[in-house]
Amino acid sequence: ETFAPLISAGFGLADIVEVTDPGWQTAVEAVLRPYRHVIRLEREADRHQAWALGERERFRHFIVPEREPAPPAAARSLAEVVRFSAPVPRWLSDLLNRIRRVEDVASAADLPREVEWITRDAYHRERRGARHLGRPGEFHFGELARQTRIQALETDIARLDAHLKALRP
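Quick summary incoming for the structure in this document. (Residues numbered from 1 in each chain as written. Predicted model: local features only at pLDDT ≥ 70, side-chain atom pairs only at ≥ 80, totals over all residues. Heavy atoms only, no water.)

### With respect to the overall build of the protein
For the protein, the count of helices and strands is four helices and eight strands. Listed N to C, the secondary structure of the protein is β-α-β-α-β-β-α-β-β-β-β-α in terms of helices and strands. The dimensions of the protein, computed from C-alpha atoms along their principal axes, are 70 × 40 × 25 Å. With 169 residues in all, the protein has 38% of them scored as buried. Contacts spanning at least 24 positions in sequence make up 58% of the contacts within the protein whose residues lie at least 6 apart. Approximately 10600 Å² of the protein is accessible, and the part contributed by carbon and sulfur atoms is 52%. Between the averaged position of the 27 positive side-chain charges in the protein and that of its 26 negative side-chain charges there is a distance of 3 Å. (Helix = DSSP H or I, 4+ residues; strand = E, 2+ residues; numbered from the N terminus. Buried < 20%, exposed > 50% of the residue type's maximum accessible area, 1.4 Å probe, protein only. Contact = heavy atoms within 4.5 Å. Areas by Shrake-Rupley, 256 points an atom, 1.4 Å probe, with all protein chains shown as cover. Lys, Arg positive; Asp, Glu negative; His and termini not counted. Charge placed at Lys NZ, Arg CZ, Asp CG, Glu CD.)

As structure tokens, this is what we get:
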């Protein structure tokens, strides 16, 4: 028994997230990295069955039955550079809307203390303090992720072609 019959067409968030400004891809990837394997349920009525499977399989990511269209993005928020192609969990919209985009730490100096912010390079300040979220080694969201996967597949094809060429008389 798997999650397959319970999930929507897009297994995780990666299928429905588009980063509209490539300059902010690193920051978006860093913030969404812990949520890239979230399961969005097609039907909310399946939640208890899905949660039972999650418990049994020790699934470490969120299984989310509640989804809704994303609200309008707050000005200068991280949500402003993200577009969703399907309904999302409200907490995800709230997370991206509360993070303010700043060019660098110096440009955040005049912001009120309670404002959460992030730089393009993924230096993030929140209520617990500030830290670098790390630069992703590979992209999982949006067009840059698709292009990265296409390049990897093309490299694999070239490698396989070379191997086949060596095997053929």
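### Overview of the layout of surface pockets
Its volume calculated, the largest pocket comes out at about 360 Å³. Lining the largest pocket are 15 residues, and of these Tyr 35, Leu 95, His 124, Glu 126 and Arg 128 lie nearest its centre. (1 Å grid on protein atoms, 1.4 Å probe; cavity = no way out; pocket = protein on both sides within 12 Å on 5 of 7 lines; lining within 4 Å. Points joined across faces, edges and corners; volume = space filled by probe spheres on them.)

### Considering the pattern of salt bridges
Applying the stated criterion across every chain yields a total of nine salt bridges. In this structure, Arg 43 and Asp 46 form a salt bridge, with 2.6 Å as the shortest nitrogen-oxygen distance. Residue Arg 43 is classed as exposed on the basis of its relative accessible area, which comes to 51%. For Asp 46, a relative accessible area of 6% corresponds to the buried category. One salt bridge connects Glu 57 with Arg 56, and the closest N-O pair in it is separated by 3.1 Å. Residue Arg 56 is classed as partly exposed on the basis of its relative accessible area of 47%. One continuous salt-bridge network, built from bridges that share partners, spans Glu 68, Arg 90 and Asp 94. (Salt bridge = Lys/Arg side-chain N within 4 Å of Asp/Glu carboxyl O.)

### Describing the packing of aromatic side chains
Using the criterion set out here, one finds four aromatic pairs in the structure. Their ring planes at 40° and their centres at 6.2 Å tell us that Trp 117 and Tyr 123 sit as a pair that is tilted. We classify Tyr 123 as partly exposed; its relative accessible area is 30%. Among the aromatic residues, those joined into a ring-pair cluster are Tyr 35, Phe 62 and Trp 91. The ring centre of Trp 24 lies 5.4 Å from the NZ or CZ of Arg 101, which sits over that ring. (Phe/Tyr/Trp six-rings, centres within 6.5 Å; stacked < 30°, edge-to-face > 60°. Lys NZ or Arg CZ within 6 Å of the ring centre and 35° of its normal.)

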